[in-house]
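# Analysis of the macromolecular model
Here's the letter readout for the chains.
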Amino acid sequence: MSQRLKPIIWENRKLYIIDQTLLPKTLTHVSIETLEEAEEAIKLLKIRGAPALGIFAGFALVCILINRKPKNINDAIDILKNSAIAIKKTRPTAVNLFWAIDRILKVVHNSNFESVSSLINLLEQEATNIYQEEINACKQIGIYGNSLIKNNSTVLTHCNAGALATGEYGTALSPIYIASEEGKKVHIYADETRPLLQGARLTAWELQYAGIPVTLICDNMAGQVMKEKKLDMVIVGADRIAKNGDTANKIGTYSLSILARYHGIPFYVCAPSSTFDLNISDGSQIPIEERNPDEICFFNNKRNAPEGISIYNPAFDVTPAENITAFITEKGIIYPPFEKNISEMIGII
Ligand code: MRU
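The structure reproduced in this document is the subject of the present report. (Residues numbered from 1 in each chain as written. Predicted model: local features only at pLDDT ≥ 70, side-chain atom pairs only at ≥ 80, totals over all residues. Heavy atoms only, no water.)

### Comments concerning unusual backbone geometry
We apply this condition: The secondary structure listing takes helices from DSSP runs of H or I that are at least 4 residues long and strands from runs of E that are at least 2 residues long, numbered from the N terminus. Exposure classes here rest on a 1.4 Å probe applied to the protein chains alone. A residue is buried below 20% of its type maximum, exposed above 50%, and partly exposed in between.
A cis amide bond, omega 10°, links Leu 23 with the succeeding residue Pro 24. Position of Pro 24 relative to the elements: it lies in the loop between strand E2 (14-18) and strand E3 (29-32). Omega for the peptide link from Arg 194 to Pro 195 comes to 0°, which places this bond in the cis form. Position of Pro 195 among the secondary structure elements: in the loop between strand E5 (186-191) and helix H7 (198-209). Notably, Asn 12 is not glycine yet its phi reads approximately 50°, a positive angle. By secondary structure assignment, the location of Asn 12 is in the loop between strand E1 (8-11) and E2. With a relative accessible area of 72%, Asn 12 lands in the exposed category. Here Thr 193, not a glycine, exhibits a phi torsion of approximately 70°, which is positive. Tracing the sequence through the fold places Thr 193 in the loop between E5 and H7.

### Topic: the packing of aromatic side chains
Selection rule: Any two of the Phe, Tyr and Trp rings considered here, Trp counted by its six-membered ring, make a pair once their centres fall within 6.5 Å; the pair's planes then place it as stacked at under 30 degrees, edge-to-face at over 60, or tilted in between. For a Lys NZ or an Arg CZ to count as sitting over a ring, it must be within 6 Å of the ring centre and within 35 degrees of the ring normal.
Applying the stated criterion across every chain yields a total of five aromatic pairs. Their ring planes at 10° and their centres at 4.9 Å tell us that Trp 10 and Phe 59 sit as a pair that is stacked. Within this pair, whereas Trp 10 is found in strand E1, its partner Phe 59 is found in helix H2 (residues 50-68), the two being separated by 49 residues in sequence. Just as Trp 10 is buried, Phe 59 falls in that class too. Members of the aromatic cluster, each reached through a chain of ring pairs, are Trp 10, Phe 59 and Tyr 131. The ring of Phe 316 is capped by Lys 250, whose NZ or CZ atom sits 4.3 Å from the centre of that ring.

### Concerning the packing of H2 against helix H5 (residues 116-146)
For the record, the criterion: Note on geometry: axes are C-alpha line fits, over the in-contact stretch for helices, and angles between N-to-C directions span 0 to 180 degrees. Oblique is the label for any angle not covered by the other classes, which are roughly parallel (under 35 degrees), roughly antiparallel (over 145) and roughly perpendicular (65 to 115). With the far helix as reference, a near helix turned anticlockwise by less than a right angle produces a left-handed crossing, and one turned clockwise produces a right-handed crossing. Whether two residues are in contact is decided by their heavy atoms, any of which lying within 4.5 Å being enough. Residues are grouped as follows: Ala, Val, Leu, Ile, Met, Phe, Trp, Tyr, Cys and Pro are nonpolar; Asp, Glu, Lys and Arg are charged; every other residue, Gly included, is polar.
Contact pair H2 / H5: the axes reach a minimum separation of 9 Å and the direction vectors enclose 165°. One way to sum up the angle between H2 and H5 is to call them roughly antiparallel. The element H2 and its partner H5 pack so that their crossing is left-handed. Contacts between H2 and H5 involve Pro 51, Ile 55, Gly 58, Phe 59, Val 62, Leu 65 and Ile 66 from the first element and Ile 120, Leu 123, Glu 124, Ala 127, Thr 128, Ile 130, Tyr 131 and Glu 134 from the second. Residues that form the contact of H2 with H5 fall into these classes: 11 nonpolar, two polar and two charged.

### Brief notes about the nonpolar core
Condition: Residues belong to a common nonpolar core when they are buried Ala, Val, Leu, Ile, Met, Phe, Trp, Tyr or Cys residues joined through side-chain atoms within 4.5 Å.
Among the nonpolar cores identified, the biggest contains 49 residues, and Ile 8, Leu 15, Ile 47, Phe 56, Ile 87 and Leu 123 are the most heavily contacted of them. When residues of this core are traced back to their parent elements, those giving at least two are E1, E2, helix H1 (35-43), H2, helix H3 (73-88), helix H4 (95-110) and H5. At 13 residues, H2 tops the list of elements feeding residues into this core. Excluding residues within four positions of it along the chain, Leu 123 makes contact with Val 62, Leu 65, Leu 80, Ile 104, Val 107 and Val 108. Within the second largest apolar cluster, 25 residues are counted, among which are Ile 217, Val 234, Val 269 and Ala 271.

### Some details on the side chain of Asp 19
Rules: The charge count includes Lys and Arg as positive and Asp and Glu as negative, but it does not include His or the ends of the chains. We define a salt bridge as a contact between a side-chain nitrogen of Lys or Arg and a carboxyl oxygen of Asp or Glu at a distance within 4 Å.
Here Asp 19 is to be found in the loop between E2 and E3. Although Asp 19 lies buried, it forms no salt bridge, and the closest oppositely charged side chain, Lys 46, sits 4.4 Å away as judged by the N-O distance. Not counting residues within four places of it along the chain, the set of residues in contact with Asp 19 comprises Thr 28, Val 30 and Lys 46.

### Focus on the sheet that holds E1
Put simply, the rule is: One requirement defines pairing of two strands: DSSP has to find at least two bridges between them.
Taken in spatial order, the three strands make up an open sheet running E1-E2-E3, and their pairing is antiparallel. Pairing within the sheet leaves two strands with one partner each, and these edge strands are E1 and E3. On average, each strand axis in the sheet is tilted by 30° relative to the strand beside it, whichever way the strands run. Alignment of E2 against E3, held across four bridges, turns out to be antiparallel. By the bridge assignment for E3, Leu 15 is matched with Ile 32. Lying on the sheet, H2 is in contact with E1, E2 and E3; it crosses E1 at an angle near 30°.

Below, the structure is given as structure tokens:
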């Protein structure tokens, strides 16, 4: 990876994020100081992607606490708990958000601290651990995933599961970065990913920024590309993976998995352990976020659908485990039978 993107920066106890709504036109970091700013950043997708949401939530709780200047320990715990409840309400599907917040809250329950400042030190350490662990996991996913990529491969991806969606490297894009660092030639097809165009605005931009060849297609072209171009594989990220391997990811992933299966193309899901939710048995229990209908009927601030039309806008769908060839995690590659192998490899997080 020639130039590393850092979507989240924690520096001198201040939190900065790349405002991803401004990409690809403008690459700029904005600072986040208050609970309201953190909630807005998540809801508007200034920060997005499952692992990045977890990392962001960890630092956001620390920074909200510092900026609210609690009077005593009880006051600090109230601020933390209320902020955690509010941040958990922002987006329901990516489990990493809930996982990271619960890790931060566990520090409060499980540690001894005598002052607000010692509590803040402990929380900052835990948020930093989450950040570093997720970066390491992504790199390791890339190393395992790279073992599946041959020289001159062509890979299709959906949404953005790259550096912008994590700390560095990404999940689905990590094997591609590692393969390219090793000198392999890999060509990526990026689905544009309607309605919010994470593929066009973010993946196409991120890969171009890293100097990796990428071709952008509309979502409804994937079948034709599979038929014509003989794609070697599909690699996507994930927002939540149930115990049986059913996987929630950006809307459109499910259809892509059916196309891949029909065409006999391997379909890989890359995700760190923090994206597995072993408390739910299958995908029917994954909450699917429904977003503002305006995202569908407006394009570039221009209305493209009649006034008063009924609109349904689910932001994620669930790919059934049987359409997935394997999960690429930081602990290794998980093949079927998924229920048994996921619990053996991810069991204790
Ligand atoms: O709505 P978004 O942009 O947060 O959706 C992101 C995705 O669906 C990603 O594929 C997923 O979070 C994996 S990111 C490594």
